[in-house]
Structures are given as structure tokens and as C-alpha cells.
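Understanding the architecture of this molecule
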Amino acid sequence: MSMALLAACGSDNTGEGVLTVATSGTLYPTSYYESGSDELTGFEVEVVREMASRLGLEVEFKEMGLDGMLKSVSTGQVDIAANDIEITDERAEKVAFSTPIKHSYGTAIVRTDDLSGIKTFEDLKDKRAAGAATSIYMDLAREYGAEEVIYDNATNELYLRDVAVGNTDVILNDYFLQTIALEAFPELEITIHPDLKYVPSEAAMVMDKENSELTEQVNRVLGEMLEDGTIAEISSEFFAGADVTQEPDFDFDE
């Protein structure tokens, strides 16, 4: 089994026993650099490291934007993409998802003084919504007629400051990511909208659909890590004590 897994992780640009993982390096607290450090860390980064250790593999991270991650997985340039990637039916037609390691839901970051003029989802029409082109959150923004402002692999700070100064109006994204990001920049006059909770989501690692051996082994180890509480412990470290492995238990807006 070990030999089979090494072969599964041995695309042309990797060495034997090396798991190549696409991630952004800019998405706090999932994949980022601490200030003044050159060491990549974050929730999914550390989950990947522990998973690879249990599989007896080294890890090589390759930093890129979300669109590049999905393409790199599909073309075999990397083995896995790990960057808070939501499971969707459309994506599942093209790539394989691991066991979910994070459960969350959508929120909206807006300006504190007037909530960016947004009371309901219908108010998104003609608002400038910042995000990645292929995210489930930008899909929602399009559905309600928002103007897309597309970022590739920008830092959280750039996203947040653009809302604060009026370059954009709203960021639709994951609750945990948005909450932690706001805590990092308390000086900005922005907040999470008090009334908009939507789109319960599951995030997972992404692999090539053809690489069933790797998917099987990744799911086996992630299952062990969920069962023994390792992922919950990593979650607590990066999400201010929250356990993102648990599903939210309240009703959502349609």
C-alpha cells in the first residue's frame, strides 16, 4: 500500500515520497505567513502536514490563486489543493473532494456606518462585490446583480481595506474566515452584517478524480484525524477556540 501511495503522489514534477500541495499563502487563517516569518502556516497547512506525516510523505507547498489550484490538480501539476475550498456539485464533476474538514456558512463584510446600504440580498444589485471569480460566494453576488470585483491571490488586508475606503462595498465569504480577518484589522470601519447568514458550506481538500488511490488514503487519514480530535485541536488554534469540524445548528436564509 505504501508503494502504491508513493506512486500516486509521484507526478512528473515531484520526487518519490513528496506530496505537492497547492495553497494560497495569503488566506488568513487557512494558509498564510505570520508577520516577520517565512514559514507557511494556517489551519489547512497544518492539517496537511499532519496528514502527510501519517502517510509517511514529505510536503512541498506551491502558492497560487484558487483558479490556478483547481487547474493544477486537474492537470497533475500538484497532488492536492488545500485552501478552504468549498464542495460544490459543479466542482465535483471535475475533481475529487476529500472528507470535509470544515463546516461553515456565508456572511457579508460591509462598512460599519451604513452596512454599505445593504439590508437584504436584493440590495446587492449594482453593489461592488469583492472576491475570487469561481467562488460560491461570487456566484451568489452575480445571482443578485452585484458588480464583480475580481481578485486573484490578494491578501485579506487588501480585501478589507478596499471595503473600508469604498473601493468595493461587500465581501461575501465564509463566517470563520471573515470573523478572524476582522479581528486582525480592528482599526478598519467594517463589520459582519448582522442579518445575512446563508449557504451552509463544507470545505475539503481537492484531488484529481483519476487518482483514486490518493483520495482513498487521504480520506482514511483525515477520518482518523477527525475521530481522534486532531483536526479539532488545529481548528481551535487557528479559529480562536472554535471547532470548525462541527456543523452549524441554526436555520439559514434561502
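Residues numbered from 1 in each chain as written. Predicted model: local features only at pLDDT ≥ 70, side-chain atom pairs only at ≥ 80, totals over all residues. Heavy atoms only, no water.

What follows concerns empty space enclosed by the protein. Inspection of the entire model under this criterion finds two cavities of 30 Å³ or more. Taken together, 30 residues make up the lining of the largest cavity; nearest its centre are Leu27, Ala132, Tyr159, Asn173 and Leu177. The set of elements that each furnish at least two residues to the lining of the largest cavity consists of strand E5 (80-86), strand E8 (128-131), helix H5 (136-143), helix H6 (156-165), strand E10 (170-174) and helix H7 (175-184). Counting residues per element, the lining of the largest cavity draws most heavily on E5, at four residues. Residues belonging to the lining of the largest cavity are distributed by class as follows: 18 nonpolar, nine polar and three charged. (1 Å grid on protein atoms, 1.4 Å probe; cavity = no way out; pocket = protein on both sides within 12 Å on 5 of 7 lines; lining within 4 Å. Points joined across faces, edges and corners; volume = space filled by probe spheres on them. Helix = DSSP H or I, 4+ residues; strand = E, 2+ residues; numbered from the N terminus. Nonpolar A, V, L, I, M, F, W, Y, C, P; charged D, E, K, R; others polar.)

Before going further, it helps to spend a moment on the pairing of E8. Note that E8 and strand E9 (residues 147-150) share four bridges and pair parallel. Bridge pairing in E9 places Arg128 opposite Glu147. Read as a crossover between parallel neighbours, the route from E8 over H5 to E9 is right-handed. (Pairing = 2+ DSSP bridges. Right-handed = clockwise from strand over helix to strand, strands pointing away.)

With that settled, the discussion passes to unusual backbone geometry. Of note, the bond from Tyr28 into Pro29 is cis; its omega dihedral lies within 30 degrees of zero at 0 degrees. Backbone geometry at Asp126 places phi at a positive 70 degrees, although glycine is not the residue there. Structurally, the position occupied by Asp126 is in the loop between strand E7 (102-111) and E8. Given a relative accessible area of 57%, Asp126 falls into the exposed group. The backbone phi angle of Val199 is positive, close to 45 degrees, even though this residue is not glycine. Tracing the sequence through the fold places Val199 in strand E12 (residues 198-208). (Buried < 20%, exposed > 50% of the residue type's maximum accessible area, 1.4 Å probe, protein only.)

On their own, these measurements won't tell you what the molecule is for.
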